[in-house]
Amino acid sequence: MSRPRRVPLLVLSLAALAALPHASALDVRVRIGARTGEPVAASVQRGQLMLPLDALGRLGLPVRTDDIHDVVDVGCLRVRAGSVRVAFMPAPGGAPRMLRAPDLPVAADRRAGGVRVPVRGLLAPFGFRLAFDAREGLLTLTPPDVAQLQPDRATCALALAAWLTGER
């Protein structure tokens, strides 16, 4: 396939995802740098790719689940199932200082024992770039340029990028 046809195909793939109304299932592999994870069962909810947080854990991010409070910590981010609210703690090794991150476009949900989040809504505010190829089922994450971020978000983004790229 020639290069000029790839861009329209990607745009059509993203448009097809956005047109899906609710909870369509698909297998997605996540790639960051040279590492590509195994396929995970993701879904599309109101046009948002919902990714199970354990998929990020398999790529190196520390994911801790507190089933009693229905909270999941992903690196320096805290997500509550059933909520659009995200908090982050930008003080690694120090006293946690909870700050509010931007709301998710779709509430995190719990399915089959795991919490799924709209991955773009979770990572984009911290400078990550995401590219999804629906035909290949491949989500590519590009770490942020932290110089372009607010200082509190830069601290969290650096920690997330270090975990995901294996530097931590």
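Residues numbered from 1 in each chain as written. Predicted model: local features only at pLDDT ≥ 70, side-chain atom pairs only at ≥ 80, totals over all residues. Heavy atoms only, no water.

Q: Got a minute to help me understand the pattern of salt bridges in this structure?
A: Between side chains of opposite charge, a pair can form as their charged atoms come close. For the structure on display, the rule yields five salt bridges. With a closest N to O distance of 3.5 Å, Arg110 and Asp67 form a salt bridge. Taken as a pair, Arg110 in strand S10 (residues 109-111) and Asp67 in the loop between strand S5 (63-66) and strand S6 (71-74) lie far apart in primary sequence, 43 residues in all. Measuring nitrogen to oxygen at the nearest pair gives 2.6 Å for the salt bridge that ties Asp73 to Arg78. When salt bridges with common partners are traced through the structure, they connect Arg64, Asp73 and Arg78 into a single cluster. (Salt bridge = Lys/Arg side-chain N within 4 Å of Asp/Glu carboxyl O. Helix = DSSP H or I, 4+ residues; strand = E, 2+ residues; numbered from the N terminus.)

Q: What am I meant to see in unusual backbone geometry here?
A: In terms of backbone geometry, most residues other than glycine have negative phi values and most peptide bonds are trans. Not every positive phi belongs to a glycine, and Arg46 is a case in point at roughly 50°. Among the secondary structure elements, Arg46 is positioned in the loop between strand S3 (40-45) and strand S4 (48-52). Even without being a glycine, Asp70 presents a positive backbone phi close to 55°. Topologically, Asp70 is positioned in the loop between S5 and S6.

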